[in-house]
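Survey of secondary and tertiary structure
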Amino acid sequence: MSDLSVGPAPDSDRPVLVVLRALGLGDLLTAVPALRALSRSCPEHRLVLATPSWLEPVVSLVGGIHTVLPTSGVQAPIGMRAGVADIAVNLHGRGPVSTRLLDALAARRKIGHREPGWPGPAWQDGLHERVRWSRLMEAHGMPADPGDISIARPVLPGALPGSLPGSLSGAAVVHVGAAYASRRWPADRFAAVARSLSDNGRLVLVSGGAADHSRAAAVVRAAGLPGGANLAGRLGLAEFASLIADAGVLVSADTGAAHLASAYRTPSVVLFGPVPPALWGPPADGPHIALTGDPHRAGDPFADHPDPALLAVTPADVIAAVDSLGRAG
């Protein structure tokens, strides 16, 4: 999947449709129904997704997206010359910052929520993220299914890192990472869950990003797991997606790992803090359980401490939920 530069598209005989979604992994995965609607409704266009380049391994699994245009947030202009895009789509948000970036592309048609110079539906609070962007597509005459979230499995060139068992299929993955402290469940609680799963005979692996390595190591030690169970920072994104696709169960906060589990229908127990499951939770018809303490929610996603709704969830709650998923399966 080649990057699109500031000049014309590599196959310039096709009109270009640019979608702005310059956010994280979970944001990308909740936009899959809308991206599929765009691909189906505009088959003659080259679909260019303006998103962070590190997401490209998962973008390639969505289908229908021809090019990644590396874009991180909305602090810098989109790297495309004005006049190249035929259609500009705002799946990033609403308001003057993101619309101004897309206005600079001088596209013939603009698809987004209603803003000055942008036709479309009014923004509505309280919608699930998948529903929000599917509703936007419907309003612009592009049928979308909020449940259309599955993605392809990655094809890996080689095995996962050494010192791991020959087969990871069916492993219990405990994902300890989260972008903000408000969604970081305490490490000792993750360790209690990991120890219980291990004591029950499961292969337990602890995952996270490179910044989570020390936290994951603490969980591994406290749970009595072998050092090789710490995968934090050891997997590329395609390898991580493969791990989640093959897992027997995932335990995670509300983060990208949980959305991968939804995409692959991997049984998951997802812990919610500042943001309620009604807005970002897994599909109700899947093998997933969302845990939270609604009455305790402070609701600040950028707080420097775990949200009280997250702290209301105990290791016993999580272990019971995992057992429940096992009985349902």
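Everything numeric here is computed off the predicted structure, so don't read it as measured data.

Conventions and cut-offs
Residues numbered from 1 in each chain as written. Predicted model: local features only at pLDDT ≥ 70, side-chain atom pairs only at ≥ 80, totals over all residues. Heavy atoms only, no water. pLDDT = per-residue confidence, 0-100. Contact = heavy atoms within 4.5 Å. Phe/Tyr/Trp six-rings, centres within 6.5 Å; stacked < 30°, edge-to-face > 60°. Helix = DSSP H or I, 4+ residues; strand = E, 2+ residues; numbered from the N terminus. Buried < 20%, exposed > 50% of the residue type's maximum accessible area, 1.4 Å probe, protein only. Lys NZ or Arg CZ within 6 Å of the ring centre and 35° of its normal. Pairing = 2+ DSSP bridges. Axes fitted to C-alpha atoms, helices over the stretch in contact; angles between N-to-C directions. Parallel < 35°, antiparallel > 145°, perpendicular 65-115°, else oblique. Left-handed = near helix turned anticlockwise from the far one by under 90°. Nonpolar A, V, L, I, M, F, W, Y, C, P; charged D, E, K, R; others polar.

Here the chain averages 93 in pLDDT, while 92% of its residues score no lower than 70. Contacts of residues 1-10 to residues separated by more than four positions or lying in other chains number 37 contacts, the stretch itself having pLDDT below 50.

Before going further, it helps to examine the packing of aromatic side chains. For the coordinates displayed, the defined rule picks out three aromatic pairs. Ring centres of tyrosine 180 and phenylalanine 302 lie 5.1 Å apart, and the angle between their planes is 85 degrees; on these two criteria the pair is classed as edge-to-face. Here the residue tyrosine 180 occupies a position in the loop between strand E6 (172-175) and helix H6 (187-199), and phenylalanine 302 occupies one in the loop between strand E10 (288-291) and helix H11 (308-311), the gap between them amounting to 122 residues. For phenylalanine 302, a relative accessible area of 59% corresponds to the exposed category. An angle of 85 degrees between the planes, with centres 5.0 Å apart, marks the rings of tryptophan 185 and phenylalanine 190 as edge-to-face. Here the two residues tryptophan 185 and phenylalanine 190 agree in accessibility, since each one is buried. Just above the ring of tryptophan 123 sits the side chain of arginine 132; from NZ or CZ to the centre is 4.0 Å.

The next subject is the sheet that holds strand E9 (residues 268-271). Ordered by their spatial adjacency, five strands build an open sheet running E7-E6-E8-E9-E10, and the pairing between neighbours is parallel. With partners counted over all chains shown, the strands left at the sheet margins are strand E7 (204-207) and E10, one partner each. For this sheet the average axis-to-axis angle between neighbouring strands, irrespective of direction, equals 15 degrees. Where E6 lies against E7, four bridges are found, and the strand directions are parallel.

Contact geometry of H6 with helix H7 (residues 213-223) gives a least axis separation of 8 Å together with a crossing angle of 45 degrees. Between H6 and H7, the angle is such that the two are oblique. Considering how the two elements wind past one another, H6 and H7 form a crossing that is right-handed. Together, Ala187, Phe190, Ala191, Ala194 and Arg195 of H6 and Arg215, Val219, Ala222 and Ala223 of H7 make up the contact between the two elements. Partitioned by chemical class, the residues of the contact of H6 with H7 number seven nonpolar, no polar and two charged.

A few words on the sheet that holds strand E1 (residues 16-20). Reading across from one edge, E3-E2-E1-E4-E5 is the order of the five strands in this open sheet, with parallel pairing throughout. Since the sheet does not close on itself, it has two edges, and those belong to strand E3 (67-70) and strand E5 (109-111), each with one partner. Taking each pair of neighbouring strands and ignoring which way they run, the sheet shows an average axis angle of 25 degrees. Note that E1 and strand E4 (residues 85-90) share five bridges and pair parallel. Paired with leucine 17 across the bridge in E4 is isoleucine 87. Relative to the sheet, helix H2 (residues 32-41) contacts E1, strand E2 (46-51), E4 and E5, its axis offset from that of E2 by approximately 155 degrees.

Look at alanine 106: it is not a glycine, yet its phi comes out positive at around 55 degrees. The class for alanine 106 is exposed, based on a relative accessible area of 51%. In this model, arginine 265 sits at a positive phi of 55 degrees, which is unusual for a non-glycine residue. Following the sequence through the fold, arginine 265 ends up in the loop between helix H9 (256-264) and E9.

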